[in-house]
Amino acid sequence: MTATVASHRKTRQHRGARRAAALALAGVAGVGVLNGTGQAAARPTPAQVKGRIDALYQEAEVATQHYNGAKEEADTARAELSRLQDEAARRTRKLNAAKAELGTMAANQYRSGGVDPTVRLMLSADPQRYLDGATVLERAGSHQANAVAGFARRLGSIRQVRDRAHVTAERLERTEGALRRERITIVRKLDAAEALLDRLTEEQRRQMSPTGPSRDDVPAPLVGDGASAGPKAAGSRAARAVSFAYAALGKPYVWGATGPAAFDCSGLTQAAWKSGGVALPRTTYTQIGSGRRVDRSELAPGDLVFFYSGISHVGLYVGDGKMIHAPHPGAPVRIAPIDEMPFAAATRPA
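In this text the structure is predicted, and so the values were computed from the model without any measurement. (Residues numbered from 1 in each chain as written. Predicted model: local features only at pLDDT ≥ 70, side-chain atom pairs only at ≥ 80, totals over all residues. Heavy atoms only, no water.)

**Section: the overall build of the protein**
Check the secondary structure of the protein and you find 10 helices and six strands. Of all 350 residues assigned to the protein, the portion counted as buried reaches 43%. Carbon and sulfur atoms provide 53% of the accessible area of the protein, an area that totals close to 18000 Å². (Helix = DSSP H or I, 4+ residues; strand = E, 2+ residues; numbered from the N terminus. Buried < 20%, exposed > 50% of the residue type's maximum accessible area, 1.4 Å probe, protein only. Areas by Shrake-Rupley, 256 points an atom, 1.4 Å probe, with all protein chains shown as cover.)

**Looking at the nonpolar core**
Membership of the largest hydrophobic core comes to 57 residues, with the highest contact counts inside it found for I53, W273, L316, I324 and V333. Those elements that place two or more of their residues in this core are helix 3 (46–111), helix 6 (142–197), helix 8 (236–247), helix 9 (265–275), strand 2 (304–307) and strand 3 (313–319). Residue contributions to this core peak at 13 residues, all from helix 3. Apart from the residues within four sequence positions on either side, L316 is in contact with A241, V242, A245, T269, A272, W273, G302, D303, L304, V305, M323 and I324. One finds V305, M323, A336 and A346 within the second-largest nonpolar core, a separate group that totals 10 residues. (Core = buried A, V, L, I, M, F, W, Y, C linked by side-chain atoms within 4.5 Å. Contact = heavy atoms within 4.5 Å.)

**So, the pattern of salt bridges**
A side chain with one charge can pair with a side chain of the opposite charge if their charged atoms come near. A complete count under the given rule lists 11 salt bridges for this structure. Two residues, K189 and E59, come together in a salt bridge whose shortest N-O distance is 2.8 Å. A residue pair is termed long-range when its members are at least 10 positions apart, and K189 in helix 6 and E59 in helix 3 qualify at 130 residues. The class for K189 is partly exposed, based on a relative accessible area of 24%. For D339, the salt bridge is made with R296, and the minimal N-O distance between the two is 2.1 Å. (Salt bridge = Lys/Arg side-chain N within 4 Å of Asp/Glu carboxyl O.)

**A word on helix 9**
In terms of burial, helix 9 is a largely internal element, nine of the 11 residues being buried. Considered for burial, the residues of helix 9 that qualify are C265, S266, G267, L268, T269, Q270, A271, A272 and W273. Following helix 9 by one or two positions, G277 adopts a phi angle in the positive range, close to 90°.

**What to know about the packing of helix 8 against helix 9**
In contact at an axis separation of 7 Å, helix 8 and helix 9 are set at 130° when each is read in the N-to-C sense. Taken together, helix 8 and helix 9 sit at an angle that is classed as oblique. Considering the relative orientation of helix 8 and helix 9, their crossing is right-handed. Contacts between helix 8 and helix 9 involve R237, A238, R240, A241 and F244 from the former and L268, A271, A272, W273 and S275 from the latter. Its residues assigned to classes, the contact of helix 8 with helix 9 comprises seven nonpolar, one polar and two charged. (Axes fitted to C-alpha atoms, helices over the stretch in contact; angles between N-to-C directions. Parallel < 35°, antiparallel > 145°, perpendicular 65-115°, else oblique. Left-handed = near helix turned anticlockwise from the far one by under 90°. Nonpolar A, V, L, I, M, F, W, Y, C, P; charged D, E, K, R; others polar.)

**A short note on the packing of aromatic side chains**
Any two aromatic rings considered together are summarised by their centre-to-centre distance and by the angle between their planes. Counted under the stated rule, the structure contains three aromatic pairs. Between Y67 and W255, the ring centres sit 5.0 Å apart and the planes meet at 90°, which makes this aromatic pair edge-to-face. In this pair, Y67 is assigned in helix 3 and W255 in the loop between helix 8 and helix 9, connecting sequence segments 188 residues apart. Given the relative accessible area of 1%, W255 is considered buried. Pairing F307 with F343 gives two aromatic rings, centres 6.0 Å apart and planes at 85°, and the pair type is edge-to-face. Residue F307 is located in strand 2, and its partner F343 is located in strand 6 (residues 343–348); the two are separated by 36 residues in the primary sequence. Take F307: its relative accessible area is 0%, and that puts it in the buried class. According to the relative accessible area criterion, F343 is partly exposed, its value standing at 26%. (Phe/Tyr/Trp six-rings, centres within 6.5 Å; stacked < 30°, edge-to-face > 60°.)

**Brief notes about the environment of E59**
Classification of E59 by relative accessible area gives partly exposed; the value is 28%. In the structure, E59 is positioned 131 residues away from L190 in sequence and 9.2 Å away in space, judged by C-alpha atoms. When near neighbours in sequence (up to four residues on either side) are disregarded, E59 contacts R52 and K189.

**Observations concerning the sheet that holds strand 6**
In spatial order, the strands read 1-6-2-3-4-5; together these six strands make up an open sheet with antiparallel pairing. Edge positions in the sheet fall to strand 1 (292–293) and strand 5 (334–337), since each of these pairs with one other strand and no more. Of the strand pairs in this sheet, strand 3 and strand 4 (residues 322–325) are connected by three bridges, and their pairing is antiparallel. Paired with G319 across the bridge in strand 4 is K322. On the sheet, helix 8 packs against strand 3, strand 4 and strand 5 and is oriented at approximately 105° with respect to strand 3. Its contacts with the sheet put helix 9 on strand 2, strand 3 and strand 4, and the angle it makes with strand 3 is roughly 45°. (Pairing = 2+ DSSP bridges.)

Here is the structure:
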């Protein structure tokens with residue numbers, strides 16, 4: 001996945017990206033309408049371009065969270081399908097063993113004067129046709145009845161497992177289709193944003209992408225009593241999550257990444273809390289339901305802070321009104337004020 005992102009960054013001169021940039025600029029500056037004197041509309045200001053780039057990044061992040069959710073579902077479906085296929089194979093082996101037992105029984109009966117119709121039907125191409133009859137067990141002796149009944153159970157269980165596998169395979173196909181669609185959306189948004197960035201000067205680009213404070217600018221969290229004046233994390237697990245986030249500072253943003261070399265926003269918070277022994281779900285939409293909600297005035301280091309009305313971005317609170325987060329492509333994991341984006345909610349994982 002990282003290779004996919006890296007490769008698309010190298011194709012900024014691609015005609016499609018340039019066309020996307022032109023459309024994005026048109027959205028900023030208005031539709032390049034000519035005035036009465038035949039002059040083109042004014043070129044958008046750097047602030048307008050920045051606004052459009054920020055919007056594209058936010059739209060890409062929404063698509064990224066949808067992608068992450070679809071990928072999680074696809075991974076679950078793929079694992080379930082593999083389990084069902086293994087289960088079907090295991091049950092088929094038992095079915096074959098039961099059929100072999102019936103074959104041995106048939107051979108013994110043949111040597112003693114003929115094959116019982118019950119066993120003969122068991123060995124036919126479609127034994128279920130006869131097993132559906134209510135008199136099958138009445139026509140067999142005790143041992144033979146058990147063998148026939150066991151064969152019927154195994155035949156039915158295999159069909160049930162295969163039916164579930166079929167449903168799971170269809171679900172996997174749907175989620176893989178969603179993955180492909182979200183991937184296309186993400187790449188298009190990022191291409192358009194990068195093409196707009198290409199139109200800015202180096203100084204303008206630096207102003208748009210501050211490096212953010214270093215890890216030394218925020219005191220390390222404390223757990224329990226201590227002499228430091230730094231903000232206290234809400235428990236040892238939260239402290240480990242914050243320490244992990246500090247160690248990730250400077251690592252690149254890559255959509256869909258969960259570390260250790262790169263992260264997207266929810267991938268960073270998931271990995272940070274995993275280091276503290278807590279398993280968070282993959283997306284911002286599901287992470288907000290992990291743990292209890294906390295008011296903004298009650299924030300403690302380690303809390304998850306969410307942004308935008310659609311809950312499309314998340315960071316890890318580290319104290320003093322700041323968080324560590326993975327902002328967007330081209331902006332590495334950094335410390336930023338939580339006022340940088342529209343605050344939506346906060347939770348404290350258990």
